[in-house]
Amino acid sequence: MQELRIDMSACVARGLCSEVLAPRLGRDEWGYPWAVDESGRGTTRMPLVAGEERAAREAARLCPVRALLLTRVTPAA
Ligand code: SF4
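Residues numbered from 1 in each chain as written. Predicted model: local features only at pLDDT ≥ 70, side-chain atom pairs only at ≥ 80, totals over all residues.

### Section: the pairing of strand E1 (residues 2-6)
Remember that side chains alternate between the two faces of the sheet whenever the strand is regular.
Alright, step 1. Pairing of E1 with strand E6 (residues 68-72) involves five bridges; the strand directions are antiparallel. The partner of Leu4 across the bridge, within E6, is Leu70.
Alright, step 2. Where E1 and strand E5 (residues 45-47) come together, three bridges link them in antiparallel fashion. Note on E5: the bridge partner recorded for Leu4 is Met46. (Pairing = 2+ DSSP bridges. Helix = DSSP H or I, 4+ residues; strand = E, 2+ residues; numbered from the N terminus.)

### Quick word on the environment of Ser9
Alright, step 1. Relative to the helices and strands, Ser9 is located in the loop between E1 and helix H1 (16-20).
Alright, step 2. Of the residues examined, Ser9 has 6 C-beta atoms within 10 Å and is grouped as exposed.
Alright, step 3. A C-alpha to C-alpha distance of 19 Å links Ser9 and Arg41, two positions 32 residues apart in sequence. (Buried ≥ 20, exposed ≤ 12 C-beta atoms within 10 Å, placed from the backbone.)

Listed below in structure tokens is the structure:
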């Protein structure tokens, strides 16, 4: 499984990623991106579902400060 991680220390809140990955990735009132986890809380880690990898790669490519990282994760047993 792949996951998109947002490095909030690098993000400059331009919002390109949330445009590419809407509605899965939203923005707060300052323009910083956030995903929603299973419990409805905002998170900087977005597990990708089928068909999202291409858009996630495009978002990572477009990010002007390389604050998005696609990484492979192993689901918990
Ligand atoms: S594209 Fe990059 S800099 Fe812009 S909001 Fe997304 S993570 Fe932040």
